[in-house]
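Examination of the molecular architecture
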Amino acid sequence: MGKAFERLTLELTGDAMWDPVKVDTALATAEQLGLDGLVFHEADILAKVVYPSNFDSGTSEWKGTRRRGVWAIVNNRAYLADVVRRCEIRGIAFFLETKELGYPDEFLEDTPDVVVNGVVCPTHPAWPALLERRYGEVCELLPGLAGFIVSVGTLEGRASLTTRRCSCSRCATTNEVEWYRTVVGAIEAVTTRFGRRLVVREFSYNPQDQEAVVAGLSRLPATVEYMVKPYARDYYLPWPDNPALGAVPDRTKWLEYDVHGQYFGWGIFPLPVVTDELARFRSASAAGCSVVQLRIDWERINALWALDTFGQVNLATAVQAARDTDADADALLAAALRTTGVVSADVGARELEQLAALWLELYPIALRVLYVAGNVYNTSSMIPNGVAQGWSYMHMLGGMRGWDGPQIGSLEVADPLVVADLLAEKADALADYVAWDRRMREWQASGALRLPDPSGVGDVLEWSSLYVRAFVASAEIVVLVKAAETRDLTQAEDEALRRSVERLADVRTTTQKRDARNGYRHYARLLVDPGHLTLMIDKARSTLATHLVN
């Protein structure tokens, strides 16, 4: 039996955290699964709870612009206090997760020289006092709060030294390591004073920023905890283990894991990831992680979370994988399919094992559908918005250039042999999916499946087939159009591009008809956006009309 993690927490990042009914559901789920933590993750959630008070004209001498919405802040305080109480009743620790630097607008008015040539300066000496006041007031308002999880320097904060946009001399001479230590140190002083836990989350876009976070954290007291993703940068399934997993070994270490599926179909596409869960949890355990945080939604998409989708299966397998990292993937998936009701109750044990084994075959297929030779092609599970975005995402943003680990596959489309390999990957992936889908539909016809459908697509397997076909055809178009920009296409490439356009146009027509008939929820429409497909098709047709064939 593999080593078990000491604690498991549930993470909410979207609008569900502000819905008391959904929070009660999340707490009941956590209790049922034996989890002992709940996290509300919002970039500047502190701004919804405190001004801070020195900027509140009702309770201080603040004479600047009076902010509207004071009663929303009062409401949010009462709401979070109630969440704390509900967690305490269940013995569940409650955390707030933020991204720094954040600030209220009054801060800019009160400290006008923090803006330098139109850019908010991240090294201004007023920041530590603001951080101490904001975090201190939250601690006072929520005495039952367990602590904070903080990402420092991420591009998703409102100000960061890592962007190097401020032109002041202080920013020019401040290194990231010292800046991280200063920012986190100000927060740590508060959490120490109030007896709260502080977890620093590593969320870096490049190796240099990652190294600075780790070096800055290593200079802080050992009581400051550390959180890391399984993969470098983001939740990219084909990527190797995050090189930062083994950093700062002498402190409590958390692993965050996404069961909702930001990069694998949001649970609408029924992809089990238990194979990845087991592998990542084994690596994290070996690296000294003792806490696993499981994310069940994504803040960019409203009204969708894992507890209504196939994501509930991935949550169930993740919990069990975290308790036994040497468990059998087939057995974990079979149990999760049963407990979540995704299969009919009258399916026998032997049949359930067969179904679970078949479902696991989808994972390696999906990696070749959603990625291009390991490069991230899906834009958070969505079809890219045209050829330019698709190419930029996988060639500039989604490749593992600069990180340690195995090289991601070549995208040198000027070479016909590389193009042939990329097209072969797509053709093989589609053929494998069609074969898998044929067998899965037999199970559907038998009445064995109870696939959740919160998006209103009707036949989930039929919609999933369109989703896969759209990804394959659009990726082929991106590769071939970019090849045509560097050289003449071969006759075979020209014919392949024409076929891809026809297939993608067919997906667009079919999707629009079924959407009109069924009335998809917006999130299903986003995943296969007809507007995105149209941009791909139009660009490809333009290329076909103007390029030369060798």
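I will try to describe carefully the structure that is included in this document. From a predicted model like this one, the values you see are computed outputs, not experimental measurements.

The next thing to look at is helix H7 (residues 207-218). Taking 1.5 Å per residue as the helical rise, H7 with its 12 residues ought to reach 16 Å, and the 16 Å between its terminal C-alpha atoms agrees with that figure. Buried within H7 are the following residues: Pro 207, Asp 209, Gln 210, Ala 212, Val 213, Val 214, Gly 216 and Leu 217. Elements in contact with the buried residues of H7: strand S6 (147-152), helix H6 (176-194), strand S7 (197-201) and strand S8 (225-228).

With respect to topology, 8 strands assemble into a closed barrel ordered S1-S2-S3-S6-S7-S8-S9-S10, the strand pairing being parallel. With strand direction ignored, the average angle separating the axes of adjacent strands in the sheet is 25°. Relative to strand S9 (residues 253-258), S8 runs parallel, the two sharing 3 bridges. Directly across from Met 227, in S9, lies its bridge partner Trp 254. This element, helix H4 (residues 127-141), spans strand S3 (93-100) and S6 of the sheet and lies at about 160° to S3.

With that out of the way, let us pick up the nonpolar core. Within the largest apolar cluster, 199 residues are counted, with the highest numbers of intra-cluster contacts made by Phe 40 and Trp 359. The leading source of residues in this core is helix H15 (residues 460-484), at 18 residues. One finds Val 39, Ile 149, Trp 254 and Val 291 within the second-largest nonpolar core, a separate group that totals 8 residues.

Quick look at empty space enclosed by the protein now. Enumeration over the complete set of coordinates arrives at 3 cavities of 30 Å³ or more. Roughly 40 Å³ of volume is contained in the largest cavity. Val 152, Gly 153, Thr 154, Leu 155, Thr 162, Tyr 180, Phe 203, Ser 204, Tyr 205 and Asp 209 together form the lining of the largest cavity. For the lining of the largest cavity, a count of residues per class yields 5 nonpolar, 4 polar and 1 charged.

Before going further, it helps to spend a moment on unusual backbone geometry. The peptide bond linking Glu 100 to Leu 101 adopts the cis configuration, its omega dihedral lying at 15°. Structurally, Leu 101 can be placed in the loop between S3 and helix H3 (105-110). In this structure, Trp 266 takes a positive phi of about 55° despite not being glycine. Within the secondary structure, Trp 266 sits in the loop between S9 and helix H8 (274-286). A relative accessible area of 0% means that Trp 266 is categorised as buried.

As for its position among the elements, Arg 196 is in the loop between H6 and S7. With relative accessibility at 12%, the residue Arg 196 sits in the buried group. A C-alpha to C-alpha distance of 9.7 Å links Arg 196 and Phe 95, two positions 101 residues apart in sequence. Sequence-distant contacts of Arg 196, that is, excluding residues within four places in its chain, are made with Cys 139, Leu 142, Pro 143, Leu 145, Ala 146, Gly 147 and Thr 191. A polar side-chain atom of Arg 196 sits 3.1 Å from the main-chain carbonyl oxygen of Leu 142. Within the structure, Arg 196 has its side chain in polar contact with the backbone oxygen of Phe 194 (distance 3.3 Å).

Reading the values: the criteria
- The residue numbering used here restarts from 1 in each chain and proceeds along that chain's sequence as written.
- Reporting in this predicted model follows two pLDDT cut-offs: at least 70 for local features of residues, and 80 or more for side-chain atom pairs to be given and counted; totals over whole chains, interfaces and linings ignore these cut-offs and use all residues.
- Side-chain numbers here rest on the full set of heavy atoms in the structure, without hydrogens or water.
- The way it works is that DSSP assigns letters per residue, a run of H or I at least four long becomes a helix, a run of E at least two long becomes a strand, and they are numbered from the N terminus.
- Take the residue count of a helix, subtract one, and multiply by 1.5 Å to get its expected span.
- In this scheme, a residue with accessible area under 20% of its type's maximum is buried, one over 50% is exposed, and one in between is partly exposed, where area comes from a 1.4 Å probe on protein chains only.
- In what follows, residue pairs with any heavy atoms lying within 4.5 Å of each other are defined as contacts.
- Only strands joined by at least two bridges in the DSSP assignment are considered to pair.
- Every axis corresponds to a line fitted to the C-alpha atoms, with the helix fit spanning only the stretch in contact, and the corresponding angles, defined between N-to-C directions, vary from 0 to 180 degrees.
- What is meant by a nonpolar core is a set of buried Ala, Val, Leu, Ile, Met, Phe, Trp, Tyr and Cys residues, joined one to another through side-chain atoms within 4.5 Å.
- Throughout, the protein atoms alone are placed on a 1 Å grid, and a set of points is a cavity if a 1.4 Å probe fits but cannot get out or a pocket if it is open with protein on both sides within 12 Å along at least five of seven lines; lining residues have an atom within 4 Å of a point.
- Grid points are joined across faces, edges and corners, and a volume is the space filled by probe spheres set on the points.
- Three residue categories are used. Nonpolar comprises Ala, Val, Leu, Ile, Met, Phe, Trp, Tyr, Cys and Pro, charged comprises Asp, Glu, Lys and Arg, and polar comprises the others, including Gly.
- The term polar contact refers here to a pair of N or O atoms within 3.5 Å; inside protein, the definition further demands a hydrogen-donor-capable atom paired with an acceptor-capable atom, and it admits residues adjacent in sequence only when both atoms are side-chain atoms.

The values reported here are purely geometric and, on their own, carry no functional implication.
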